[in-house]
Amino acid sequence: TFKHALTHEVAYGSLLQERRVGLHARIAKAIEALYPDRLTEHVDRLAHHAFEGHIWSEAVSYCRQAGARAYERSAYAEAAAAFQRAIDALAHLPETPESARLGIDIRLELRHPATLLRQFDKVSEGLREAERLARLLSDARRLGWVLSFLAEHYRLVHELCDALRAAEHAMKIATTVADHDLRVVANLYLGQVCWTRGDYQAAARHLRANVEALQGDLSRRLLGLAGPPSIISRGWLARSLAELGEFAEGITIASDGLRIAEQ
């Protein structure tokens, strides 16, 4: 009932911590009871009250959903904060293989908005912990995805030797587990690393393999990235071909990427 933010803050601050937690938990349960078929509409409020009410399992789920919604509308700071809250809530739950896998997945989701916000320390911390968990679980597929994103992170912060090692390792894992999507993403980042290192022949080879693999309906898929890797691969392949003096092919590849983007 307190309309003014300062009055609300003073009233809230007058409550004992235990009383605050109890009220937040009751509010979260009330929203769930009132809107059982419309929880998505209230996910931001649910995330806030579940977290402050120490309903940790629900807080992980709602904060993760809130982060995804914020990211979809390009509210990157809000998305990063929500994903971080999901990770913080997860730390209060028992350590199990399931919670470890969930921790990896949420950290990979946090990586997207944090990178766009140039929060490279947060990206590095999250990906390194995700790598540790993936190795602990002996989860090759998840480790491959983590290494792919680590390769891109290392490239952005100009640690190119580490970037190359991570990308090559991710490619080996993708081949071993026969994961098409992982292979495409690892190949894209490997091509970008080669381009940044000035190895345009190698970059063109890796990126051309992606262009050939991403035809038809596959050209529209995001594969967990901010944009379709079919378009990104074509853009970087065109840049590689330009550096090699192959301008005619570069224009053809870039035009094809533009066509897909416009569609």
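Just so it is clear, the structure is predicted and the values come from calculations on it, not from any experiment.

What counts, and at which threshold
- Residues numbered from 1 in each chain as written.
- Predicted model: local features only at pLDDT ≥ 70, side-chain atom pairs only at ≥ 80, totals over all residues.
- Heavy atoms only, no water.
- Helix = DSSP H or I, 4+ residues; strand = E, 2+ residues; numbered from the N terminus.
- Buried < 20%, exposed > 50% of the residue type's maximum accessible area, 1.4 Å probe, protein only.
- Salt bridge = Lys/Arg side-chain N within 4 Å of Asp/Glu carboxyl O.
- Axes fitted to C-alpha atoms, helices over the stretch in contact; angles between N-to-C directions.
- Left-handed = near helix turned anticlockwise from the far one by under 90°.
- Contact = heavy atoms within 4.5 Å.
- Nonpolar A, V, L, I, M, F, W, Y, C, P; charged D, E, K, R; others polar.

With that settled, consider the overall build of the protein chain. Secondary structure summary: the protein chain contains 13 helices and 0 strands in total. Ordered by position in the sequence, the α and β elements of the protein chain form the string α-α-α-α-α-α-α-α-α-α-α-α-α. Along the three orthogonal principal directions, the C-alpha set of the protein chain runs to about 70 × 40 × 35 Å. Here the protein chain holds 263 residues, and 44% of them are scored as buried.

Across all of its chains, the model carries 17 salt bridges by this definition. Where Lys 29 meets Glu 32, a salt bridge forms, and the shortest distance between an N and an O atom there is 3.7 Å. Within this pair, Lys 29 and its partner Glu 32 are both found in helix α2 (residues 17-34), separated by 3 residues, close to a single helical turn. Here Glu 152 ties to Arg 155 by a salt bridge, and the two come within 3.0 Å at their closest N and O atoms.

For the pair α2 and helix α3 (residues 43-52), interaxial distance at closest approach is 7 Å and the crossing angle is 145°. In this structure, α2 crosses over α3, and the sense of that crossing is left-handed. Contacts between α2 and α3 involve Val 21, His 24, Ala 25, Ile 27, Ala 28, Ile 31 and Glu 32 on the former and, on the latter, Arg 45, Leu 46, His 48, His 49, Ala 50 and Glu 52. Classifying every residue of the contact of α2 with α3 gives 7 nonpolar, 3 polar and 3 charged.

All quantities given are derived from atomic positions and should not be read as evidence of function.
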